[in-house]
Amino acid sequence: MQPRQEFLKLLSTANLFVEGNIDEELRFSSIESGIIGTPVAKITYPKYLTRQDYSDNEIIVGTSIIDFAEKITKYVNSIEEWQPIYSEKIRRFILEKRNWDNVKIPLIKALKEEST
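Cut-offs used in this document
Residues numbered from 1 in each chain as written. Predicted model: local features only at pLDDT ≥ 70, side-chain atom pairs only at ≥ 80, totals over all residues. Heavy atoms only, no water. 1 Å grid on protein atoms, 1.4 Å probe; cavity = no way out; pocket = protein on both sides within 12 Å on 5 of 7 lines; lining within 4 Å. Points joined across faces, edges and corners; volume = space filled by probe spheres on them. Helix = DSSP H or I, 4+ residues; strand = E, 2+ residues; numbered from the N terminus. Nonpolar A, V, L, I, M, F, W, Y, C, P; charged D, E, K, R; others polar. Contact = heavy atoms within 4.5 Å. Buried < 20%, exposed > 50% of the residue type's maximum accessible area, 1.4 Å probe, protein only. Patch = residues over 30% accessible without salt bridge, like charges linked within 9 Å, V, L, I, M, F, W, Y side chains within 5 Å. Areas by Shrake-Rupley, 256 points an atom, 1.4 Å probe, with all protein chains shown as cover. Salt bridge = Lys/Arg side-chain N within 4 Å of Asp/Glu carboxyl O. Axes fitted to C-alpha atoms, helices over the stretch in contact; angles between N-to-C directions. Parallel < 35°, antiparallel > 145°, perpendicular 65-115°, else oblique. Left-handed = near helix turned anticlockwise from the far one by under 90°.

Asks: Give me the layout of surface pockets: which residues, what numbers.
Replies: In this model, the largest pocket occupies a volume close to 160 Å³. Every residue along the wall of the largest pocket is listed here: Asp 56, Ile 60, Val 61, Lys 71, Lys 74, Tyr 75, Trp 82 and Tyr 86. If you list the elements that add at least two residues to the lining of the largest pocket, you get β3 (60-62), α3 (65-77) and α4 (79-97). Per element, the largest residue contribution to the lining of the largest pocket is three residues, and it comes from α3. Of the residues contributing to the lining of the largest pocket, the split by class is five nonpolar, no polar and three charged.

Shown next as structure tokens:
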């Protein structure tokens, strides 16, 4: 395991951080990435797309391995153009729009529907 300071230093110099889960949620490391301005990419399983509180213009989102690979390829091929855009958008999303209620309300509704 890497010491936290080293991880954050590496993260701040990265061109992209790839989220490791396939649900709609962002792990703490993705949120840290966004705060320091490192763009985030992830695969979201299609049935979870409606639960996302971010859009695919704030985070690079693929719905399959192929879709994800195509989007990452597009990003890497024009990284000078896309990195500043995604960097600003993810940072703004985390600081201004990220809200647990955006995720919690639909989740509670779904759980209530399942339990009845």
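Asks: Run through the environment of Ser 29, naming residues and quoting values.
Replies: You can see Ser 29 is positioned in helix α2 (residues 28-36). For the pair formed by Ser 29 and Glu 19, sequence separation is ten residues and the distance between their alpha carbons is 8.0 Å. Ignoring anything within four residues of it in the chain, the contact list for Ser 29 reads Phe 7, Leu 11 and Phe 17.

Asks: Tell me about the environment of Phe 17, residues and numbers included.
Replies: Considering the arrangement of structural elements, one finds Phe 17 in strand β1 (residues 17-18). With relative accessibility at 16%, the residue Phe 17 sits in the buried group. Between the C-alpha atoms of Phe 17 and Gly 34, which are 17 residues apart in sequence, the distance is 9.0 Å. Filtering out sequence-adjacent residues up to four positions away, Phe 17 remains in contact with Phe 7, Leu 11, Ser 29, Ser 30, Ser 33, Thr 38, Pro 39, Val 40 and Ala 41.

Asks: Lay out a nonpolar patch on the surface in plain terms, naming residues and giving numbers.
Replies: On the surface, Ile 35, Ile 36 and Leu 95 cluster together into a nonpolar patch covering about 250 Å² of accessible area. Along the polypeptide, Ile 35 turns up in helix α2. The exposure class assigned to Ile 35 is partly exposed, which follows from its relative accessible area of 36%.

Asks: Describe the packing of α2 against α4, with residues and values.
Replies: In contact at an axis separation of 7 Å, α2 and α4 are set at 110° when each is read in the N-to-C sense. By the criterion of interaxial angle, the relationship of α2 to α4 is roughly perpendicular. As for the relative orientation of α2 and α4, their crossing is left-handed in sense. Across the interface between the two elements, Ile 31, Gly 34 and Ile 35 from α2 touch Ile 90, Arg 91, Ile 94 and Leu 95 from α4. For the contact of α2 with α4, the class distribution of residues is five nonpolar, one polar and one charged.

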